[in-house]
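Given next are the chains, with one letter for each unit.
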Number of protein chains: 2
Amino acid sequence: MISVTIIGYGNVGSHLVKAIYGSAYAKITQVYSRSAFSLPHTMDHIACINSFDDLAEADCYIIAVPDDHIKHVSAQLPFTDKLVVHTSGSVSMDVLDPKNRQGVFYPLQTFSKNKDVDFKEIPICIEAAQADDLELLNKLGASISEKVSKITSDERAKMHVAAVFVNNFVNHLYHISEEIMEEHNLDFSLLKPLIKETASKIETLSAKQAQTGPAKRNDLQTIKRHTNQLTDDTQKDIYSLLTKAIKETHTTNERKL
Amino acid sequence: MISVTIIGYGNVGSHLVKAIYGSAYAKITQVYSRSAFSLPHTMDHIACINSFDDLAEADCYIIAVPDDHIKHVSAQLPFTDKLVVHTSGSVSMDVLDPKNRQGVFYPLQTFSKNKDVDFKEIPICIEAAQADDLELLNKLGASISEKVSKITSDERAKMHVAAVFVNNFVNHLYHISEEIMEEHNLDFSLLKPLIKETASKIETLSAKQAQTGPAKRNDLQTIKRHTNQLTDDTQKDIYSLLTKAIKETHTTNERKL
(Lines give C-alpha, C1' and ligand atoms only; values in the text may rest on other atoms or scores of the structure.)
Protein backbone atom coordinates (compact mmCIF):
# COMPACT_ATOMS: atom_id res chain seq x y z
CA MET A 1 0.00 0.00 0.00
CA ILE A 2 1.51 3.33 -1.07
CA SER A 3 0.82 6.16 1.39
CA VAL A 4 0.30 9.59 -0.15
CA THR A 5 -0.04 13.10 1.25
CA ILE A 6 -1.73 15.67 -0.97
CA ILE A 7 -0.55 19.26 -0.56
CA GLY A 8 -3.14 21.61 -2.03
CA TYR A 9 -6.88 21.11 -2.31
CA GLY A 10 -7.83 22.99 -5.50
CA ASN A 11 -9.09 21.45 -8.76
CA VAL A 12 -6.26 18.96 -9.22
CA GLY A 13 -5.76 18.23 -5.51
CA SER A 14 -9.40 17.47 -4.80
CA HIS A 15 -9.76 15.19 -7.84
CA LEU A 16 -6.54 13.35 -6.87
CA VAL A 17 -7.80 12.84 -3.31
CA LYS A 18 -10.99 11.27 -4.66
CA ALA A 19 -9.13 9.05 -7.13
CA ILE A 20 -6.50 7.81 -4.65
CA TYR A 21 -9.16 7.33 -1.97
CA GLY A 22 -10.89 4.91 -4.35
CA SER A 23 -7.71 2.97 -5.10
CA ALA A 24 -6.98 -0.44 -3.58
CA TYR A 25 -3.20 0.04 -3.77
CA ALA A 26 -2.75 3.53 -2.37
CA LYS A 27 -4.11 5.47 0.55
CA ILE A 28 -4.27 9.12 1.56
CA THR A 29 -2.38 9.89 4.76
CA GLN A 30 -3.12 13.61 5.04
CA VAL A 31 -4.46 16.46 2.97
CA TYR A 32 -2.92 19.91 3.41
CA SER A 33 -4.47 23.20 2.45
CA ARG A 34 -3.35 26.71 3.39
CA SER A 35 -6.88 27.70 4.37
CA ALA A 36 -9.58 25.84 6.29
CA PHE A 37 -11.35 23.13 4.27
CA SER A 38 -13.20 19.86 4.75
CA LEU A 39 -13.16 16.58 2.86
CA PRO A 40 -16.32 14.73 1.80
CA HIS A 41 -17.72 13.11 4.97
CA THR A 42 -16.93 9.56 3.76
CA MET A 43 -13.28 10.58 4.21
CA ASP A 44 -13.67 11.75 7.81
CA HIS A 45 -10.79 9.55 8.99
CA ILE A 46 -8.27 11.40 6.76
CA ALA A 47 -6.45 14.18 8.57
CA CYS A 48 -6.92 17.70 7.17
CA ILE A 49 -4.01 19.95 8.09
CA ASN A 50 -3.21 23.63 7.58
CA SER A 51 0.40 23.71 8.75
CA PHE A 52 3.48 22.04 7.26
CA ASP A 53 4.61 21.34 10.85
CA ASP A 54 1.80 18.76 11.09
CA LEU A 55 2.98 16.75 8.08
CA ALA A 56 3.35 13.05 8.95
CA GLU A 57 5.35 10.30 7.29
CA ALA A 58 4.25 9.23 3.77
CA ASP A 59 5.77 7.41 0.79
CA CYS A 60 5.01 10.31 -1.51
CA TYR A 61 4.05 13.99 -1.14
CA ILE A 62 2.08 15.38 -4.06
CA ILE A 63 2.19 19.16 -4.41
CA ALA A 64 -0.97 20.24 -6.27
CA VAL A 65 -0.77 24.04 -6.14
CA PRO A 66 -0.62 26.76 -8.85
CA ASP A 67 2.55 26.58 -10.99
CA ASP A 68 4.20 29.65 -9.54
CA HIS A 69 3.80 28.43 -5.93
CA ILE A 70 5.44 25.03 -6.45
CA LYS A 71 9.00 26.22 -5.83
CA HIS A 72 8.10 28.07 -2.64
CA VAL A 73 5.94 25.27 -1.22
CA SER A 74 8.61 22.64 -1.89
CA ALA A 75 11.22 24.82 -0.13
CA GLN A 76 9.02 25.18 2.94
CA LEU A 77 8.62 21.45 3.62
CA PRO A 78 10.21 20.68 7.02
CA PHE A 79 11.92 17.44 5.99
CA THR A 80 14.53 16.12 3.57
CA ASP A 81 15.19 13.10 1.35
CA LYS A 82 11.53 12.19 0.85
CA LEU A 83 9.77 11.80 -2.51
CA VAL A 84 8.10 15.12 -3.37
CA VAL A 85 6.36 15.51 -6.74
CA HIS A 86 4.35 18.22 -8.47
CA THR A 87 1.36 17.85 -10.80
CA SER A 88 2.06 20.55 -13.37
CA GLY A 89 2.23 20.18 -17.13
CA SER A 90 4.32 23.24 -17.75
CA VAL A 91 6.85 23.35 -14.90
CA SER A 92 10.15 21.49 -14.97
CA MET A 93 10.86 18.85 -12.32
CA ASP A 94 13.88 20.77 -11.02
CA VAL A 95 11.88 23.73 -9.67
CA LEU A 96 11.25 21.40 -6.73
CA ASP A 97 13.67 22.03 -3.85
CA PRO A 98 16.54 19.49 -4.18
CA LYS A 99 16.57 18.82 -0.43
CA ASN A 100 13.95 16.16 -1.26
CA ARG A 101 13.82 13.52 -4.02
CA GLN A 102 12.14 15.16 -7.02
CA GLY A 103 9.39 13.81 -9.24
CA VAL A 104 6.37 14.70 -11.37
CA PHE A 105 2.89 13.17 -11.35
CA TYR A 106 0.98 15.05 -14.05
CA PRO A 107 -2.60 14.03 -14.87
CA LEU A 108 -3.14 15.30 -18.43
CA GLN A 109 -6.68 16.60 -18.12
CA THR A 110 -8.67 19.76 -17.49
CA PHE A 111 -10.41 19.67 -14.11
CA SER A 112 -13.41 21.60 -12.85
CA LYS A 113 -14.18 21.54 -9.15
CA ASN A 114 -17.76 20.31 -9.50
CA LYS A 115 -17.47 18.00 -12.48
CA ASP A 116 -16.44 14.41 -11.89
CA VAL A 117 -13.96 12.83 -14.26
CA ASP A 118 -13.14 9.20 -14.90
CA PHE A 119 -9.54 8.98 -13.69
CA LYS A 120 -9.08 5.59 -15.35
CA GLU A 121 -9.13 7.37 -18.73
CA ILE A 122 -6.71 10.13 -17.77
CA PRO A 123 -3.10 9.75 -18.95
CA ILE A 124 -0.70 10.25 -16.06
CA CYS A 125 2.75 11.47 -17.04
CA ILE A 126 5.41 10.54 -14.50
CA GLU A 127 9.04 11.52 -14.06
CA ALA A 128 11.51 11.04 -11.20
CA ALA A 129 15.19 11.71 -10.58
CA GLN A 130 15.70 8.21 -9.11
CA ALA A 131 14.72 4.86 -10.63
CA ASP A 132 13.06 3.57 -7.42
CA ASP A 133 10.91 6.67 -7.23
CA LEU A 134 9.89 6.32 -10.88
CA GLU A 135 8.78 2.77 -10.09
CA LEU A 136 6.74 3.96 -7.10
CA LEU A 137 5.07 6.67 -9.22
CA ASN A 138 4.37 4.10 -11.89
CA LYS A 139 2.57 1.90 -9.35
CA LEU A 140 0.72 4.85 -7.88
CA GLY A 141 -0.35 5.99 -11.36
CA ALA A 142 -1.46 2.48 -12.34
CA SER A 143 -3.56 2.27 -9.17
CA ILE A 144 -5.84 5.08 -10.43
CA SER A 145 -5.40 5.17 -14.23
CA GLU A 146 -5.00 2.75 -17.13
CA LYS A 147 -2.60 5.09 -18.91
CA VAL A 148 0.70 5.87 -17.19
CA SER A 149 3.56 7.23 -19.34
CA LYS A 150 7.14 8.05 -18.45
CA ILE A 151 7.68 11.54 -19.85
CA THR A 152 10.73 13.80 -19.35
CA SER A 153 10.40 17.46 -18.34
CA ASP A 154 11.42 18.47 -21.84
CA GLU A 155 8.80 16.22 -23.46
CA ARG A 156 6.20 17.45 -20.98
CA ALA A 157 6.94 21.04 -22.00
CA LYS A 158 6.26 20.20 -25.67
CA MET A 159 3.14 18.28 -24.72
CA HIS A 160 1.88 21.22 -22.73
CA VAL A 161 2.03 23.48 -25.80
CA ALA A 162 0.11 20.87 -27.77
CA ALA A 163 -2.43 20.69 -24.93
CA VAL A 164 -2.90 24.48 -25.03
CA PHE A 165 -3.95 24.17 -28.68
CA VAL A 166 -6.57 21.45 -28.10
CA ASN A 167 -7.86 22.85 -24.83
CA ASN A 168 -7.35 26.60 -24.26
CA PHE A 169 -7.46 27.60 -27.92
CA VAL A 170 -10.25 25.23 -28.90
CA ASN A 171 -12.28 26.55 -25.99
CA HIS A 172 -11.75 30.11 -27.20
CA LEU A 173 -13.07 29.13 -30.64
CA TYR A 174 -16.16 27.81 -28.84
CA HIS A 175 -16.39 31.21 -27.17
CA ILE A 176 -16.20 33.09 -30.48
CA SER A 177 -18.84 30.83 -31.92
CA GLU A 178 -21.04 31.49 -28.88
CA GLU A 179 -20.57 35.24 -29.43
CA ILE A 180 -21.53 35.02 -33.10
CA MET A 181 -24.66 33.04 -32.26
CA GLU A 182 -25.67 35.43 -29.48
CA GLU A 183 -25.03 38.47 -31.67
CA HIS A 184 -27.71 37.14 -34.04
CA ASN A 185 -30.06 35.84 -31.32
CA LEU A 186 -29.37 32.25 -32.28
CA ASP A 187 -29.29 29.43 -29.75
CA PHE A 188 -25.66 28.28 -29.21
CA SER A 189 -26.89 24.86 -28.12
CA LEU A 190 -27.76 24.16 -31.78
CA LEU A 191 -23.99 23.78 -32.29
CA LYS A 192 -23.36 21.42 -29.38
CA PRO A 193 -23.92 18.16 -31.28
CA LEU A 194 -21.46 19.44 -33.90
CA ILE A 195 -18.88 20.25 -31.20
CA LYS A 196 -19.29 16.76 -29.76
CA GLU A 197 -19.00 15.01 -33.10
CA THR A 198 -15.95 17.09 -34.13
CA ALA A 199 -14.16 15.91 -30.99
CA SER A 200 -15.41 12.36 -31.43
CA LYS A 201 -14.13 12.04 -35.02
CA ILE A 202 -10.56 12.37 -33.71
CA GLU A 203 -10.96 9.04 -31.95
CA THR A 204 -10.95 7.23 -35.29
CA LEU A 205 -9.56 9.65 -37.90
CA SER A 206 -6.43 11.79 -38.03
CA ALA A 207 -7.23 15.51 -37.91
CA LYS A 208 -5.88 15.81 -41.43
CA GLN A 209 -8.35 13.20 -42.66
CA ALA A 210 -11.21 14.71 -40.68
CA GLN A 211 -10.74 18.23 -42.11
CA THR A 212 -13.66 19.60 -44.11
CA GLY A 213 -14.99 23.06 -44.99
CA PRO A 214 -14.47 26.01 -47.32
CA ALA A 215 -10.75 26.52 -46.49
CA LYS A 216 -9.89 22.92 -47.30
CA ARG A 217 -11.94 23.06 -50.52
CA ASN A 218 -10.38 26.45 -51.31
CA ASP A 219 -13.96 27.72 -51.77
CA LEU A 220 -13.07 31.40 -52.12
CA GLN A 221 -16.66 32.57 -52.56
CA THR A 222 -17.81 31.11 -49.22
CA ILE A 223 -14.64 32.34 -47.46
CA LYS A 224 -15.30 35.88 -48.73
CA ARG A 225 -18.96 35.74 -47.68
CA HIS A 226 -17.97 34.51 -44.20
CA THR A 227 -15.33 37.22 -43.76
CA ASN A 228 -17.86 39.90 -44.70
CA GLN A 229 -20.30 38.60 -42.10
CA LEU A 230 -17.87 38.92 -39.19
CA THR A 231 -18.17 42.27 -37.44
CA ASP A 232 -15.31 41.90 -34.95
CA ASP A 233 -11.73 42.56 -36.10
CA THR A 234 -10.12 39.89 -33.91
CA GLN A 235 -12.66 37.34 -35.16
CA LYS A 236 -11.85 38.37 -38.75
CA ASP A 237 -8.11 37.98 -38.08
CA ILE A 238 -8.59 34.53 -36.58
CA TYR A 239 -10.83 33.49 -39.47
CA SER A 240 -8.22 34.63 -42.02
CA LEU A 241 -5.22 33.11 -40.25
CA LEU A 242 -6.83 29.71 -39.65
CA THR A 243 -8.21 29.65 -43.20
CA LYS A 244 -4.71 30.37 -44.53
CA ALA A 245 -3.25 27.63 -42.28
CA ILE A 246 -5.79 25.04 -43.45
CA LYS A 247 -5.19 25.96 -47.10
CA GLU A 248 -1.41 25.65 -46.63
CA THR A 249 -1.72 22.29 -44.88
CA HIS A 250 -3.88 20.79 -47.56
CA THR A 251 -2.00 22.25 -50.51
CA THR A 252 1.27 20.97 -49.06
CA ASN A 253 -0.30 17.53 -48.73
CA GLU A 254 -1.32 17.52 -52.34
CA ARG A 255 2.15 18.51 -53.43
CA LYS A 256 3.54 15.65 -51.36
CA LEU A 257 1.29 13.11 -53.13
CA MET B 1 -46.90 9.40 -44.26
CA ILE B 2 -44.63 11.94 -45.97
CA SER B 3 -43.01 10.62 -49.14
CA VAL B 4 -39.49 11.84 -49.84
CA THR B 5 -37.09 11.52 -52.75
CA ILE B 6 -33.41 12.02 -52.01
CA ILE B 7 -31.31 13.49 -54.83
CA GLY B 8 -27.63 12.80 -54.16
CA TYR B 9 -26.10 9.87 -52.29
CA GLY B 10 -22.96 11.37 -50.71
CA ASN B 11 -22.32 11.90 -46.98
CA VAL B 12 -25.48 13.86 -46.25
CA GLY B 13 -27.70 11.97 -48.69
CA SER B 14 -26.78 8.52 -47.43
CA HIS B 15 -27.26 9.49 -43.76
CA LEU B 16 -30.64 11.07 -44.60
CA VAL B 17 -31.77 7.94 -46.45
CA LYS B 18 -30.93 5.84 -43.37
CA ALA B 19 -32.66 8.24 -40.97
CA ILE B 20 -35.85 8.64 -43.01
CA TYR B 21 -35.95 4.89 -43.71
CA GLY B 22 -36.09 4.34 -39.94
CA SER B 23 -38.90 6.87 -39.44
CA ALA B 24 -42.50 5.83 -38.85
CA TYR B 25 -43.90 9.03 -40.36
CA ALA B 26 -41.92 9.37 -43.57
CA LYS B 27 -40.81 7.05 -46.34
CA ILE B 28 -38.26 7.14 -49.11
CA THR B 29 -39.80 6.97 -52.59
CA GLN B 30 -36.61 7.05 -54.66
CA VAL B 31 -32.94 7.79 -54.32
CA TYR B 32 -31.14 9.49 -57.22
CA SER B 33 -27.43 9.52 -57.85
CA ARG B 34 -25.60 10.60 -61.01
CA SER B 35 -23.44 7.48 -60.98
CA ALA B 36 -24.30 3.83 -60.31
CA PHE B 37 -24.81 3.00 -56.60
CA SER B 38 -26.67 0.58 -54.38
CA LEU B 39 -28.56 0.96 -51.12
CA PRO B 40 -28.07 -1.34 -48.11
CA HIS B 41 -29.85 -4.62 -48.95
CA THR B 42 -32.58 -4.05 -46.34
CA MET B 43 -33.73 -1.19 -48.61
CA ASP B 44 -33.96 -3.30 -51.75
CA HIS B 45 -37.53 -2.17 -52.38
CA ILE B 46 -36.49 1.49 -52.75
CA ALA B 47 -35.87 2.50 -56.36
CA CYS B 48 -32.35 3.71 -57.19
CA ILE B 49 -32.36 5.96 -60.23
CA ASN B 50 -29.66 7.68 -62.29
CA SER B 51 -31.79 9.89 -64.50
CA PHE B 52 -34.04 12.80 -63.60
CA ASP B 53 -36.50 11.49 -66.20
CA ASP B 54 -37.25 8.57 -63.89
CA LEU B 55 -38.27 10.78 -60.92
CA ALA B 56 -41.69 9.78 -59.56
CA GLU B 57 -44.21 11.73 -57.50
CA ALA B 58 -43.16 12.63 -53.91
CA ASP B 59 -44.22 15.15 -51.25
CA CYS B 60 -40.70 16.50 -50.98
CA TYR B 61 -37.51 16.31 -53.03
CA ILE B 62 -34.34 16.74 -50.99
CA ILE B 63 -31.28 17.84 -52.97
CA ALA B 64 -28.19 16.66 -51.06
CA VAL B 65 -25.35 17.55 -53.44
CA PRO B 66 -22.25 19.80 -53.08
CA ASP B 67 -23.15 23.49 -52.60
CA ASP B 68 -22.05 24.63 -56.02
CA HIS B 69 -24.19 21.98 -57.80
CA ILE B 70 -27.48 22.85 -56.06
CA LYS B 71 -28.53 25.56 -58.51
CA HIS B 72 -27.82 23.43 -61.56
CA VAL B 73 -29.50 20.29 -60.19
CA SER B 74 -32.62 22.21 -59.15
CA ALA B 75 -32.85 23.75 -62.63
CA GLN B 76 -32.64 20.33 -64.28
CA LEU B 77 -35.62 18.83 -62.48
CA PRO B 78 -38.28 17.96 -65.11
CA PHE B 79 -41.30 19.20 -63.11
CA THR B 80 -42.69 22.38 -61.56
CA ASP B 81 -44.58 23.50 -58.44
CA LYS B 82 -43.29 20.71 -56.18
CA LEU B 83 -41.49 21.16 -52.86
CA VAL B 84 -37.74 21.06 -53.56
CA VAL B 85 -35.30 21.69 -50.68
CA HIS B 86 -31.53 21.66 -50.27
CA THR B 87 -29.49 20.54 -47.25
CA SER B 88 -26.73 23.17 -47.20
CA GLY B 89 -25.69 25.37 -44.31
CA SER B 90 -24.08 28.04 -46.41
CA VAL B 91 -26.30 28.43 -49.47
CA SER B 92 -29.36 30.67 -49.55
CA MET B 93 -32.77 29.13 -50.21
CA ASP B 94 -33.22 31.19 -53.38
CA VAL B 95 -30.43 29.49 -55.33
CA LEU B 96 -33.07 26.81 -55.90
CA ASP B 97 -34.82 27.23 -59.23
CA PRO B 98 -38.10 29.12 -58.59
CA LYS B 99 -40.05 26.86 -60.94
CA ASN B 100 -40.56 24.68 -57.84
CA ARG B 101 -41.54 25.60 -54.24
CA GLN B 102 -38.29 26.34 -52.40
CA GLY B 103 -37.18 25.13 -49.00
CA VAL B 104 -34.19 24.14 -46.86
CA PHE B 105 -33.71 21.05 -44.72
CA TYR B 106 -30.27 21.49 -43.13
CA PRO B 107 -29.00 18.91 -40.63
CA LEU B 108 -26.41 20.79 -38.57
CA GLN B 109 -23.77 18.11 -38.26
CA THR B 110 -20.53 16.87 -39.83
CA PHE B 111 -21.04 13.54 -41.57
CA SER B 112 -18.55 10.85 -42.51
CA LYS B 113 -19.59 8.10 -44.88
CA ASN B 114 -18.67 5.19 -42.60
CA LYS B 115 -19.50 6.63 -39.20
CA ASP B 116 -23.06 6.35 -37.92
CA VAL B 117 -24.62 9.33 -36.20
CA ASP B 118 -27.62 9.55 -33.92
CA PHE B 119 -30.02 11.65 -35.99
CA LYS B 120 -32.29 12.22 -32.98
CA GLU B 121 -29.59 14.51 -31.56
CA ILE B 122 -28.96 16.48 -34.74
CA PRO B 123 -30.59 19.92 -35.01
CA ILE B 124 -32.46 20.27 -38.27
CA CYS B 125 -32.83 23.82 -39.54
CA ILE B 126 -35.79 24.27 -41.81
CA GLU B 127 -36.99 27.09 -44.04
CA ALA B 128 -39.65 27.33 -46.74
CA ALA B 129 -41.14 30.02 -48.92
CA GLN B 130 -44.69 28.83 -48.16
CA ALA B 131 -46.28 28.18 -44.76
CA ASP B 132 -47.70 24.75 -45.75
CA ASP B 133 -44.28 23.62 -46.89
CA LEU B 134 -42.68 24.81 -43.66
CA GLU B 135 -45.24 22.72 -41.77
CA LEU B 136 -44.43 19.65 -43.88
CA LEU B 137 -40.67 20.13 -43.30
CA ASN B 138 -41.35 20.55 -39.60
CA LYS B 139 -43.15 17.19 -39.51
CA LEU B 140 -40.48 15.53 -41.62
CA GLY B 141 -37.75 16.92 -39.34
CA ALA B 142 -39.59 15.85 -36.20
CA SER B 143 -39.94 12.32 -37.61
CA ILE B 144 -36.14 11.85 -37.48
CA SER B 145 -34.84 14.40 -34.93
CA GLU B 146 -35.84 15.84 -31.57
CA LYS B 147 -34.53 19.29 -32.52
CA VAL B 148 -36.18 21.06 -35.43
CA SER B 149 -35.70 24.85 -35.72
CA LYS B 150 -37.14 27.36 -38.15
CA ILE B 151 -34.13 29.36 -39.36
CA THR B 152 -34.03 31.94 -42.15
CA SER B 153 -31.38 31.91 -44.88
CA ASP B 154 -29.78 34.95 -43.29
CA GLU B 155 -29.64 33.31 -39.84
CA ARG B 156 -28.34 30.11 -41.39
CA ALA B 157 -25.49 32.06 -43.01
CA LYS B 158 -24.43 33.45 -39.59
CA MET B 159 -24.77 30.03 -38.02
CA HIS B 160 -22.58 28.54 -40.71
CA VAL B 161 -19.73 30.92 -39.83
CA ALA B 162 -20.11 29.95 -36.18
CA ALA B 163 -20.06 26.29 -37.23
CA VAL B 164 -16.82 26.82 -39.16
CA PHE B 165 -15.19 28.03 -35.92
CA VAL B 166 -16.26 25.02 -33.81
CA ASN B 167 -15.74 22.42 -36.53
CA ASN B 168 -13.24 23.34 -39.30
CA PHE B 169 -11.04 25.57 -37.15
CA VAL B 170 -11.16 23.41 -34.03
CA ASN B 171 -10.21 20.43 -36.17
CA HIS B 172 -7.22 22.34 -37.53
CA LEU B 173 -6.06 23.05 -33.97
CA TYR B 174 -6.25 19.28 -33.37
CA HIS B 175 -4.07 18.91 -36.46
CA ILE B 176 -1.46 21.38 -35.19
CA SER B 177 -1.40 19.60 -31.86
CA GLU B 178 -0.92 16.28 -33.64
CA GLU B 179 2.01 17.80 -35.56
CA ILE B 180 3.67 19.11 -32.39
CA MET B 181 3.33 15.72 -30.69
CA GLU B 182 4.69 13.85 -33.73
CA GLU B 183 7.59 16.29 -34.10
CA HIS B 184 8.73 15.24 -30.61
CA ASN B 185 7.87 11.55 -30.98
CA LEU B 186 5.04 11.85 -28.48
CA ASP B 187 1.84 9.84 -28.75
CA PHE B 188 -1.04 12.11 -29.85
CA SER B 189 -3.55 9.77 -28.21
CA LEU B 190 -2.33 11.05 -24.81
CA LEU B 191 -4.30 14.22 -25.64
CA LYS B 192 -7.54 12.50 -26.65
CA PRO B 193 -9.13 12.44 -23.17
CA LEU B 194 -8.37 16.19 -22.92
CA ILE B 195 -10.00 16.82 -26.32
CA LYS B 196 -13.07 14.88 -25.22
CA GLU B 197 -13.37 16.67 -21.87
CA THR B 198 -12.85 20.11 -23.46
CA ALA B 199 -15.83 19.45 -25.73
CA SER B 200 -17.82 17.92 -22.91
CA LYS B 201 -17.39 20.94 -20.58
CA ILE B 202 -19.38 23.06 -23.05
CA GLU B 203 -22.46 20.98 -22.26
CA THR B 204 -22.67 22.51 -18.79
CA LEU B 205 -20.47 25.65 -18.78
CA SER B 206 -20.27 28.67 -21.07
CA ALA B 207 -17.00 28.79 -23.00
CA LYS B 208 -16.12 31.95 -21.07
CA GLN B 209 -16.50 30.10 -17.76
CA ALA B 210 -14.63 27.05 -19.05
CA GLN B 211 -11.57 29.03 -20.19
CA THR B 212 -8.30 28.19 -18.44
CA GLY B 213 -4.61 28.44 -19.30
CA PRO B 214 -1.67 30.85 -19.47
CA ALA B 215 -3.39 33.41 -21.73
CA LYS B 216 -6.36 33.73 -19.39
CA ARG B 217 -4.05 34.00 -16.35
CA ASN B 218 -1.87 36.45 -18.30
CA ASP B 219 1.07 34.18 -17.36
CA LEU B 220 3.67 35.89 -19.56
CA GLN B 221 6.53 33.58 -18.59
CA THR B 222 4.71 30.44 -19.77
CA ILE B 223 3.47 32.20 -22.91
CA LYS B 224 7.04 33.20 -23.80
CA ARG B 225 8.35 29.68 -23.13
CA HIS B 226 5.61 28.19 -25.32
CA THR B 227 6.28 30.61 -28.18
CA ASN B 228 9.99 29.76 -28.09
CA GLN B 229 9.18 26.06 -28.32
CA LEU B 230 7.17 26.37 -31.52
CA THR B 231 9.31 25.86 -34.62
CA ASP B 232 6.70 26.61 -37.28
CA ASP B 233 5.88 30.23 -38.18
CA THR B 234 2.18 29.66 -38.82
CA GLN B 235 1.87 27.81 -35.50
CA LYS B 236 3.61 30.73 -33.78
CA ASP B 237 1.23 33.21 -35.44
CA ILE B 238 -1.82 31.19 -34.37
CA TYR B 239 -0.47 30.85 -30.83
CA SER B 240 0.09 34.64 -30.60
CA LEU B 241 -3.24 35.65 -32.12
CA LEU B 242 -5.35 33.27 -30.01
CA THR B 243 -3.42 34.21 -26.87
CA LYS B 244 -4.08 37.88 -27.61
CA ALA B 245 -7.77 37.15 -28.23
CA ILE B 246 -8.14 35.24 -24.94
CA LYS B 247 -6.35 38.02 -23.03
CA GLU B 248 -8.64 40.64 -24.58
CA THR B 249 -11.77 38.63 -23.81
CA HIS B 250 -10.88 38.12 -20.18
CA THR B 251 -9.57 41.63 -19.53
CA THR B 252 -12.75 43.07 -21.02
CA ASN B 253 -14.78 40.85 -18.72
CA GLU B 254 -12.92 42.05 -15.70
CA ARG B 255 -13.45 45.66 -16.71
CA LYS B 256 -17.16 44.92 -17.03
CA LEU B 257 -17.33 43.54 -13.49
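As a reminder, the structure under discussion sits directly above these lines.
Conventions adopted
- Residues numbered from 1 in each chain as written.
- Chains lettered and ligands numbered in written order.
- Predicted model: local features only at pLDDT ≥ 70, side-chain atom pairs only at ≥ 80, totals over all residues.
- Heavy atoms only, no water.
- Buried < 20%, exposed > 50% of the residue type's maximum accessible area, 1.4 Å probe, protein only.
- Helix = DSSP H or I, 4+ residues; strand = E, 2+ residues; numbered from the N terminus.
- Pairing = 2+ DSSP bridges.
- Right-handed = clockwise from strand over helix to strand, strands pointing away.
- Arc of directions from axis to C-beta.
- Contact = heavy atoms within 4.5 Å.
- Buried area = accessible area lost by both parts, 1.4 Å probe.
- Salt bridge = Lys/Arg side-chain N within 4 Å of Asp/Glu carboxyl O.
- Polar contact = N/O pair within 3.5 Å; in protein donor to acceptor, adjacent residues only side chain to side chain.
- Nonpolar A, V, L, I, M, F, W, Y, C, P; charged D, E, K, R; others polar.

### Side note on the pairing of strand E4 (residues 60–63) of chain B
All names here are of chain B.
Right, so step 1: Going residue by residue along E4, you find Cys 60 and Ile 62 tucked away on one face and Tyr 61 and Ile 63 tucked away on the opposite face as well.
Right, so step 2: As paired strands, strand E1 (residues 2–7) and E4 are joined by four bridges and run parallel to one another. Of the residues in E4, the one forming a bridge with Val 4 is Cys 60.
Right, so step 3: In terms of strand pairing, E4 meets strand E5 (residues 83–86) through three bridges, oriented parallel. Along E5, the bridge assignment pairs Ile 63 with His 86.
Right, so step 4: In the classification by handedness, the crossover that spans E4, the intervening helix H2 (residues 70–76) and the parallel E5 is right-handed.

### Looking at helix H8 (residues 220–229) of chain B
All names here are of chain B.
Right, so step 1: Three or more residues of H8 are buried, namely Thr 222, Ile 223, His 226, Thr 227 and Gln 229. Seen along its axis, H8 keeps its buried residues to an arc of 160°; they face one direction. In this structure, H8 carries Leu 220, Gln 221, Lys 224 and Asn 228 as exposed residues pointing more than 90 degrees from its buried face.

### Thoughts on the interface of chain A and chain B
Right, so step 1: The interface of chain A with chain B comprises 85 residues on the first partner and 85 residues on the second.
Right, so step 2: Here chain A meets chain B over a buried area of about 8,100 Å², counting both sides, of which 68% is carbon and sulfur.
Right, so step 3: Seen at the junction of chain A and chain B, the total is zero salt bridges.
Right, so step 4: Between chain A and chain B we count 28 residue pairs in polar contact (both at pLDDT 80 or more) in total.
Right, so step 5: Contributing elements (two or more residues each) for the side of chain A that touches chain B: helix H4 (153–183), helix H5 (192–201), helix H6 (207–210), helix H7 (214–217), helix H8 (220–229) and helix H9 (233–256) of chain A.
Right, so step 6: When residues of the side of chain A that touches chain B are assigned to their parent elements, the largest contribution, 25 residues, is made by H4 of chain A.
Right, so step 7: In terms of residue class, the side of chain A that touches chain B is built from 40 nonpolar, 27 polar and 18 charged.

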